[in-house]
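The lines below spell out each chain.
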Amino acid sequence: MAQALRPNTAGSLFATDGKPHPLQDALMAVTLVLGVTAFATSFFHGLHLLSSWTGLVGIITGAYGQWISETTRERFGLILGLGASGVGFFLGMAHGGLFGGIFS
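Everything in this summary refers to the structure shown in the same document. (Residues numbered from 1 in each chain as written. Predicted model: local features only at pLDDT ≥ 70, side-chain atom pairs only at ≥ 80, totals over all residues. Heavy atoms only, no water.)

1. Focus on helix 3 (residues 72–95)
Between its terminal C-alpha atoms helix 3 stretches 35 Å, which fits the 34 Å expected from 24 residues at 1.5 Å a residue. Within the span of helix 3, buried status applies to Glu74, Gly77, Leu78, Gly81, Leu82, Ala84, Ser85, Gly86, Gly88, Phe89 and Gly92. Phi turns positive one or two residues past the end of helix 3, at glycine 97, with a value near 85°. (Helix = DSSP H or I, 4+ residues; strand = E, 2+ residues; numbered from the N terminus. Expected span 1.5 Å × (residues − 1). Buried < 20%, exposed > 50% of the residue type's maximum accessible area, 1.4 Å probe, protein only.)

Next up, the structure:
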């Protein structure tokens, strides 16, 4: 009968400890969206402002999310978003940077 005493955490997608984590889930979602945006726009030279800024904000939100994350699933999503944000940020910086072309 030991199986009857275990909590059912298989039904939850993000909280593996059975508790809700709305702030951590929101930071993970924002980091993933910013990372995908930065990564996708980094392949276009003219969109370097968008890719560099979304990458920078994605790195900041992902770092804060890692700092306060409580479950492995949150950390996994944050690492994916951080990686995509980092690639987008660095390619955006290589194509013109955060302010490239504005002040010239």
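So much for the structure itself; the text now carries on.
2. What about the packing of aromatic side chains?
On inspection of all chains with the given rule, the structure shows four aromatic pairs. Here tryptophan 53 and phenylalanine 99 contribute two aromatic rings whose centre-to-centre distance is 5.6 Å and whose plane-to-plane angle is 75°, an arrangement assigned as edge-to-face. One end of the pair, tryptophan 53, is in helix 2 (residues 48–68); the other, phenylalanine 99, is in the segment after helix 3, with 46 residues separating them in the sequence. For tryptophan 53, a relative accessible area of 36% puts it in the partly exposed group. (Phe/Tyr/Trp six-rings, centres within 6.5 Å; stacked < 30°, edge-to-face > 60°.)

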